[in-house]
Amino acid sequence: MSYLSLRSRLAKSPATGDALSDQVGQSESMRLLIIEDDRDAAEYLVRAFRETGHVADHAADGEEGYAMALDGDYDVLIVDRMLPKRDGLSVIGELRNKKIETPVLILSALGQVDDRVKGLRAGGDDYLPKPYSFSELLARVEVLARRRGGRNEDTVYRVGDLELDRLSHRVMRGTEEIPLQPREFRLLEYLMKHAGQVVTRTMLLENVWDYHFDPQTNVIDVHISRLRSKIDKGFSQPLLHTIRGAGYMVREGAR
Amino acid sequence: MGALGKLFRTTAFKLTLVYLTIFALFAVFLLGYLAFNTQRLFTDQVTEVVNAETTGLTEQFNAGGIRRLTFIVEARSRRPGSSLYLVTSPTGDGLAGNVGSLPTGVLDQSGWTETVYRRIDENETSELHRALIRVSHLPGGFKLLVGRDLEERDRLDNVVLDAGKWSAAAVIFLGLVGGFFVARRVLRRVDAMTETTQAIMGGDLSERLPVGSSGDELDRLARNLNEMLDRIEALMGGLKEVSDNIAHDLKTPLTRLRNRAEEALRTARGEDDYRAALETTIEESDSLIKTFNALLMIARAEAGQARGNMVEFDAAEAARSIGELYEPLAEEQGLTLTIAAPTAVPIHGSRELISQALANLVDNAIKYSAPAAKAAGTPSEVVMTATTDDDHILLGVSDRGPGIPAADRRRAVERFVRLEQSRSVPGSGLGLSLAAAVAHLHGGELRLEDNEPGLRATLILPRSGPQTQPLADRRAPPDPSAAKS
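Residues numbered from 1 in each chain as written. Chains lettered and ligands numbered in written order. Predicted model: local features only at pLDDT ≥ 70, side-chain atom pairs only at ≥ 80, totals over all residues.

In this section: the overall build of chain A. Tallying secondary structure elements over chain A gives 10 helices and 12 strands in all. Taking as baseline every contact in chain A between residues at least 6 positions apart, the subset at least 24 positions apart corresponds to 60%. (Helix = DSSP H or I, 4+ residues; strand = E, 2+ residues; numbered from the N terminus. Contact = placed C-beta atoms within 7 Å.)

As structure tokens, this is what we get:
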């Protein structure tokens, strides 16, 4: 039941040339359920997802959300933690008990480390503290949806003529081997695992470095430009792209 | 029960009752012991005298026969006193003495008896007296009785008993009155304290409890409570200052945000202008969110709420990891970042928070020493260290930047303080405060020192792990050159 095969491609939003439509560039259409009691916030999300070519339903409380999540076939659930009637964590727990394994992203005003741990322990797959930027949310939701598709368990990732071997830890561009530091390797590995998807700075910090705080200075950009100078410098086609206002993407083909 | 009931319920009064009971029991025991011993002494004396007289009279009988005995007994009987005598013939007739009648059979047995009797000069209807007597059977069937009236002993008993009764009454009365006054005095002082505390609860934090001059436990309590109030007042003052700072540092960017939006509405000519204005708006709000998150984190760390997530980990590895995260940035800024963490430094704590604290210190070190390095054109270095001494884990970050003047170091870790010279450098101004809060959470402190030149910031954490420690220890830094801890 991979969503890739199930979902028909919806029409993309008209290209306005802004950062968001850059971001939706290659993404497949997703079906999402937003369980959020703040109507304004929910409507904003529904609209924003629609503009980026996805379908989003909205449930205003925990009970309704639980019922809809049971019935509907969603790619990702976006669950607010504090909900009327039934709180978000208990909704997730109940769904997991019923063997509903739809990926869940928890949205919460509680953003400290321990809150996050609690959310993930309850069965959430990702945790995004409020306030969030939509591009961050979209990038994370896309990663979750894609994960459901069961891709990226390969031992070798390939994007264009760039090849990363996860077993031998070797990176080749064409016929040339590119030596990378261990952390650079993990950075590239994560980017290539999510090739064609936007990866935000926070996602990199969380998944490559395992930090959940905001560094005061944007250290990730420097790491990226170092990596870029190793894998793209001297090659005609750049593979590591900066997506303005959102993050980075590894993809074939210049825009 | 009213005021009196309140008095009876006081601890002082209850204590009085307990002591009173103990004292009364003791007095009863003492008097009983006294009475018993007096009686024994009296009996011993009587026995001795009677024995001596019996011996003397028996000797007289042996020497001079019954005639001599009766003569002497007759003479002795006439003396006033409580001595009793009787000599009887073998047929039981009284020959001499001052005892009139006795219960029958008393004379049949020789030896000691306690009995009742009447004197010879008393008639049949008069009251019987009690006596201790010794009967001796003399040769020829004659019987000799020598004894002593016991009225004296009974009188003595009565005296002791009376003394007991009266002294018990006096003890109880005085005890109750004493307890009443002590309780009332204590109650008055406690009432005064209660009144003051109510005024304090009403909002007047400057009130203080009355302290007497006696230095007793109530005074000590009042003094301690007063010191506590001083602390609370100081903390409240600090809190107010902090909230003023928060108001200032959150409102300033909020105002800027609002002004930008307003200006865009007023002056924007086209889509590009609006777009630019919106982009800066988002940037500003992002930095506001960062500030806000940092504040929340500081508040939580200071309140000790993050202790739940503590684990064992290697602080040296954490330092290397942060160093590696910042190394490219340092290089880009013309600095070298070196990490001296040769051995594992096991620590019990929050890896995330300690990493964040180190990240802030490195971030600051790079931010403040980069301009100097650029101006001088020479490479400057930032050094991270992770070492231990006997009791502490020392995680240090030192730079060759302008440093912080000794006078400002204490202020530098306060929330939102950014020293004058750093106004032009972007940042929330919370980096050092956050590092200090993380150090506190782990039971340690953040120390700022002169790196000659530059700044050396060190997280000093106890090896034994975080312990709940009294606030007082955290307020006053042990070393005046150390930063606020």
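Continuing now.
Within chain B, the regular secondary structure consists of 10 helices and 13 strands. Relative to its 485 residues, chain B shows a buried fraction of 28%. Taking the contacts inside chain B whose residues are at least 6 apart along the sequence as the reference set, 63% of them involve residues at least 24 apart. (Buried ≥ 20, exposed ≤ 12 C-beta atoms within 10 Å, placed from the backbone.)

Listed per partner, the contact involves 24 residues of chain B and 19 residues of chain A. Examining the composition of the side of chain B that touches chain A, we find that seven residues originate from one element, helix H7 (residues 351-376) of chain B, more than from any other. In terms of residue class, the side of chain B that touches chain A is built from eight nonpolar, nine polar and seven charged. (Nonpolar A, V, L, I, M, F, W, Y, C, P; charged D, E, K, R; others polar.)

Take the sheet that holds strand S6 (residues 156-159) of chain A next. Residues and elements named next belong to chain A. Strand order in the open sheet formed by four strands is S6-S7-S8-S9, and the pairing between neighbours is antiparallel. Each edge of the sheet is formed by a strand with only one pairing partner; in this case those strands are S6 and strand S9 (176-177). Examined bridge by bridge, strand S7 (residues 162-165) and strand S8 (residues 170-173) share four bridges and lie antiparallel to one another. Across the sheet, Leu 162 pairs through a bridge with Arg 173, a residue of S8. (Pairing = 2+ DSSP bridges.)

Residues and elements named next belong to chain A. Relative to the helices and strands, His 58 is located in strand S2 (residues 55-59). Residues His 58 and Ile 34, spaced 24 residues apart in sequence, show a C-alpha to C-alpha distance of 4.8 Å. In this view, His 58 contacts Ile 34, Ala 42 and Val 46; residues no more than four positions away in its chain are not counted.

On to the nonpolar core. Counting residues in hydrophobic clusters, the biggest one holds 118 residues, and the most contacted among them are A:Ile78, B:Leu358 and B:Val362. Examining the composition of this core, we find that 12 residues originate from one element, H7(B), more than from any other. Those residues in contact with B:Leu358 that lie beyond four places of it in its chain are B:Ala318, B:Ala319, B:Ile322, B:Leu395 and B:Val397. One finds B:Val50, B:Leu102, B:Leu144 and B:Val146 within the second-largest nonpolar core, a separate group that totals 22 residues. (Core = buried A, V, L, I, M, F, W, Y, C linked by C-beta atoms within 7 Å.)

Residues and elements named next belong to chain A. Strand order in the open sheet formed by five strands is S2-S1-S3-S4-S5, and the pairing between neighbours is parallel. Only two strands of the sheet have a single neighbouring strand rather than two, namely S2 and strand S5 (126-129). Along the sheet, successive strands turn relative to each other by an average axial angle of 20°, direction set aside. With four bridges joining them, strand S3 (residues 76-80) and strand S4 (residues 104-108) adopt parallel strand pairing. Following the sheet pairing, Val 79 is matched in S4 by Ile 106. Sheet contacts for helix H5 (residues 88-97): strand S1 (31-35), S3 and S4; angle to S3, the most-contacted strand, approximately 145°. (Axes fitted to C-alpha atoms, helices over the stretch in contact; angles between N-to-C directions.)

Residues and elements named next belong to chain B. Put simply, helix H2 (residues 11-77) and helix H3 (residues 151-201) touch, their axes get as near as 9 Å, and they point 165° apart. With respect to H3, the axis of H2 lies roughly antiparallel. Of the two elements, H2 crosses H3, and the hand of that crossing is right-handed. Residue classes in the contact of H2 with H3 are distributed as 21 nonpolar, eight polar and two charged. (Parallel < 35°, antiparallel > 145°, perpendicular 65-115°, else oblique. Left-handed = near helix turned anticlockwise from the far one by under 90°.)

All names here are of chain B. Strand direction decides the pairing type here: strand S4 (residues 111-119) and strand S5 (residues 129-137), joined by seven bridges, are antiparallel. What sits directly across from Thr 115, in S5, is Ala 131. In this sheet, strand S6 (residues 143-149) lies alongside S5 in antiparallel orientation, the contact comprising seven bridges. Considered in S6, the bridge of Arg 134 is made with Val 146. Between the antiparallel neighbours S5 and S6 lie five residues, among them Gly 140 with a positive phi of about 90°.

Let us look at the confidence of the model for chain B. Per-residue pLDDT for chain B has a mean of 81; in total, 89% of the residues score no lower than 70. This prediction of the complex comes with two scores: 0.63 for pTM and 0.79 for ipTM. (pLDDT = per-residue confidence, 0-100.)

Attention shifts here to helix H3 (residues 39-51) of chain A. All names here are of chain A. Relative to the 18 Å expected for 13 residues at 1.5 Å per residue, H3 spans 18 Å between its end C-alpha atoms, a close match to the ideal helical length. Here H3 has its buried residues at Ala 42, Leu 45 and Phe 49. Taken end-on, H3 shows its buried residues confined to a sector of 60°, consistent with a single buried face. Residues of H3 that are exposed and point more than 90 degrees away from the buried face comprise Arg 39, Asp 40 and Arg 47. With its phi angle positive at about 90°, Gly 53 sits one or two positions after the end of H3. (Expected span 1.5 Å × (residues − 1). Arc of directions from axis to C-beta.)

A separate point is the packing of H7(B) against helix H9 (residues 431-441) of chain B. All names here are of chain B. Axis separation between H7 and H9 bottoms out at 9 Å; the angle between their running directions is 150°. For the element pair H7 / H9, the angle class is roughly antiparallel. With respect to the hand of their crossing, H7 and H9 are arranged in left-handed fashion. The segment H7 lies against H9, with Leu 353, Ile 354, Gln 356, Ala 357, Asn 360, Leu 361, Asp 363 and Asn 364 engaging Gly 431, Leu 432, Leu 434, Ala 435, Val 438 and Leu 441. Taken together, the residues that form the contact of H7 with H9 break down as nine nonpolar, four polar and one charged.

A negative phi angle is the norm for most residues apart from glycine, just as the trans form is the norm for most peptide bonds. Residues and elements named next belong to chain A. Note that the residue after Lys 130, namely Pro 131, is joined by a cis bond; omega there is -5°. Here Pro 131 shows up in the loop between S5 and helix H7 (134-148). Even without being a glycine, Lys 99 presents a positive backbone phi close to 65°. Its location among the elements puts Lys 99 in the loop between H5 and S4. For Asp 210, which is not glycine, the phi dihedral falls at a positive 65°. Take Asp 210: it is sitting in the loop between helix H9 (201-208) and helix H10 (219-231). Take Asp 210: there are 11 C-beta atoms within 10 Å of it, and that puts it in the exposed class.

All right, on to the environment of B:Pro402 then. Residue and element names in this part refer to chain B. Tracing the backbone shows Pro 402 in the loop between strand S11 (392-398) and helix H8 (406-412). In this structure Pro 402 comes out as partly exposed when scored by C-beta crowding, with 16 C-beta atoms within 10 Å. In this structure the C-alpha to C-alpha distance between Pro 402 and Asp 450, which are 48 residues apart in sequence, comes to 9.8 Å.

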